[in-house]
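A closer look at the structure
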Amino acid sequence: MAAESSISSRSKSSSHGRLLLCFHGERPVMRTSGTKENYGRRFWGYVYYGVHEGCNFFRWAEPETEVENPKITRMKKKVASLKSRTKAAEWKLMVVALLGFVGWARFLYLLLQNFSMSRPKCVIPLNLV
């Protein structure tokens, strides 16, 4: 799972000057997250992750800041709001386009039906006597 969404590199595993070891005593490797929620965020992971099972060592390389700048928080909320409004507008546009297509198809059907009924039928009498 994380192997597909991360890029690894052999960096010196240290957390503020301390030697960082996994639960098996191995030095973890620095990886970069590829997930949607934490794209680009770096973390320490088990060196043999995906090769063999047994260790689920994981630690963020840089801890998230506990107190965030209020401007950043406000901008994040605004971005989330704009994303949801955009999604709603896209949905409405799709519904309107579908209704427009169905309307045109019905109009053409009625037009062709009316055209075929208004044409005089040509009947040639056969005198077989």
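In the annotation of an unreviewed UniProt entry, the entry for the chain reads GRF-type domain-containing protein, and the organism field reads Arachis hypogaea.

**Focus on the overall build of the chain**
For the chain, the helix and strand inventory stands at 1 helix and 6 strands. Along the chain, helices and strands appear, N-terminal first, in the series β-β-β-β-β-β-α. Relative to its full complement of 129 residues, the chain shows a buried share of 14%. For the chain, contacts bridging at least 24 residues in sequence account for 30% of all contacts bridging at least 6. If you sum the accessible surface of the chain, you get close to 11700 Å²; carbon and sulfur atoms cover 62% of it.

**Details of a nonpolar patch on the surface**
Among the surface-exposed residues, Trp-91, Met-94, Val-95 and Leu-99 lie close enough to one another that they form a single nonpolar patch of about 450 Å² accessible area. Tracing the backbone through its elements, the reader meets Met-94 in helix α1 (residues 70–118).

**Here we look at the UniProt feature "transmembrane region" (unreviewed entry) in the chain**
Mapped onto this numbering, the UniProt entry gives "transmembrane region" (unreviewed entry) at residues 93–112. Taken end to end, residues 93–112 has its terminal C-alpha atoms 29 Å apart, with 100% of it in helix and 0% in strand.

**Structural notes on the pairing of strand β5 (residues 42–45)**
Bridge count between strand β4 (residues 29–33) and β5: 4 bridges; the pairing is antiparallel. Paired with Thr-32 across the two strands is Arg-42, which belongs to β5. The pairing of β5 with strand β6 (residues 58–60) spans 3 bridges and is antiparallel. Bridge assignment links Phe-43 to a residue of β6, and that residue is Trp-60.

**Examining the environment of Ala-61**
Relative to the helices and strands, Ala-61 resides in the loop between β6 and α1. Note on Ala-61: relative accessible area 27%, which makes it partly exposed. A sequence separation of 17 residues divides Ala-61 from Trp-44, and the C-alpha atoms of the two residues are 6.0 Å apart. In this structure, Ala-61 is in contact with Met-30, Arg-42, Phe-43 and Trp-44, ignoring residues within four places of it in sequence.

Scoring rules and cut-offs
Residues numbered from 1 in each chain as written. Predicted model: local features only at pLDDT ≥ 70, side-chain atom pairs only at ≥ 80, totals over all residues. Heavy atoms only, no water. Helix = DSSP H or I, 4+ residues; strand = E, 2+ residues; numbered from the N terminus. Buried < 20%, exposed > 50% of the residue type's maximum accessible area, 1.4 Å probe, protein only. Contact = heavy atoms within 4.5 Å. Areas by Shrake-Rupley, 256 points an atom, 1.4 Å probe, with all protein chains shown as cover. Patch = residues over 30% accessible without salt bridge, like charges linked within 9 Å, V, L, I, M, F, W, Y side chains within 5 Å. Salt bridge = Lys/Arg side-chain N within 4 Å of Asp/Glu carboxyl O. UniProt positions renumbered as here; feature names shortened; annotations may be inferred. Pairing = 2+ DSSP bridges.

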